[in-house]
Amino acid sequence: MSLAFIFRMATREAVKVSIGQPVLCLHSGFQLLAADKALLMKLRKNTGYTFINCKKALEKFENDIAQAESWLHEQAQKEGWAKASKLEGRKAKEGLIGLLVGNQTAAMVEVNCETDFVARNEKFQQLVKDVTLATLAHHQNKNQSQTGYVKSVLVGDELNKLTMAEGSSLADHVALTIGRLGENMSLKRAVTLGVPAEWHIGSYVHGNISSQTKVSMGRYGALVIFQGGKDGERDTLGRKLGQHIVGEAPLSLGNMDDLPCGESETRLLPQTFLADPSRTVAQFLKGQQARVLDFVRFQCGETLGE
């Protein structure tokens, strides 16, 4: 009998034994698997990272979800900065305007991305909300003792250096979002306002996106500072003025007694009022016993200085 024949027979017997052998399942092992799965689902819900990365993090830290989450954020930050470096220079002219009016204060920001598709993404919109909130908080902390009119403009690096509530910089937050969505993004500009008690802030965002927070978002935004107005009608007055500023794009304020110079008029007060074409903005304001003091208009993607 050859050695090859003996080997083949032994192999066949081994296969028979293997097929016939019952498979044992330990109940305790099944419970551990269920616990792992529950932690995995929780970690994925908390962080939004992929199933594979969450599983890797839990295995690395033996199911310690706090350490796993911290490690995931660190890795995502590194990957985000690496991706941000690669994408730097790609045009980012889409995005959203974020606007928030607080107690005698307001902030309006522009955050850019490459495509309208990403601008509609919830993660990008969360970035816009966070930038708006951080910008307004910065203004409130910096100008606590100010009682007059305060207007500040922030661009580029000035915005990137601001911090969020938990201490991370806006630059880090942008890099994290770039890593998640794979498009170049940038913080273009922001304006913050603070007004005395007798002044009012009107606002309007065009194409407003439905949001569960107080931050309004769209492709166009306007803030208008005014005095006077009738009791109970100031919110409506501020919104109508904001709509006009967005729609007619004035470049300067002008004076209440300026004469209009036709359709090419770029001064706000002598322009034909959008909500009532029979009157100029100045004439409308006189009827409302109000006076506009200043305004700001943002259009997403416009060249600064336009």
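With an unreviewed UniProt entry as reference, the protein chain is termed Elongation factor Ts, mitochondrial, source organism Characodon lateralis. If you open the UniProt record of the protein chain and go to Function (unreviewed entry), you find "Associates with the EF-Tu.GDP complex and induces the exchange of GDP to GTP. It remains bound to the aminoacyl-tRNA.EF-Tu.GTP complex up to the GTP hydrolysis stage on the ribosome." UniProt annotates the protein chain under Subcellular location (unreviewed entry) with the comment "Mitochondrion".

A.B. asks: Mind showing me how you'd approach the packing of aromatic side chains here?
C.D. replies: How two aromatic rings sit relative to each other is given by the distance of their centres and the angle of their planes. A full pass over the atoms with the stated rule returns two aromatic pairs. With a centroid separation of 5.5 Å and an interplanar angle of 50°, the aromatic rings of Tyr149 and Trp199 are classed as tilted. Here Trp199 lies in strand S5 (residues 199–206) and Tyr149 lies in the loop between helix H6 (122–142) and strand S3 (150–155), a separation of 50 residues in the sequence. Relative accessible area serves as the criterion here: at 17%, Trp199 is assigned to the buried category. Between Phe273 and Phe284, the aromatic rings sit 4.2 Å apart at their centres with planes inclined by 25°, giving stacked as the arrangement. Here Phe273, found in the loop between helix H9 (234–248) and helix H10 (281–288), pairs with Phe284, found in helix H10; they are 11 residues apart in sequence, far enough to count as distant. In this structure, Phe273 and Phe284 share a single accessibility class: buried. The cationic tip of Arg189 hangs over the ring face of Phe298; the distance from NZ or CZ to the ring centre is 3.9 Å.

Rules of the game
Residues numbered from 1 in each chain as written. Predicted model: local features only at pLDDT ≥ 70, side-chain atom pairs only at ≥ 80, totals over all residues. Heavy atoms only, no water. UniProt positions renumbered as here; feature names shortened; annotations may be inferred. Phe/Tyr/Trp six-rings, centres within 6.5 Å; stacked < 30°, edge-to-face > 60°. Helix = DSSP H or I, 4+ residues; strand = E, 2+ residues; numbered from the N terminus. Buried < 20%, exposed > 50% of the residue type's maximum accessible area, 1.4 Å probe, protein only. Lys NZ or Arg CZ within 6 Å of the ring centre and 35° of its normal.

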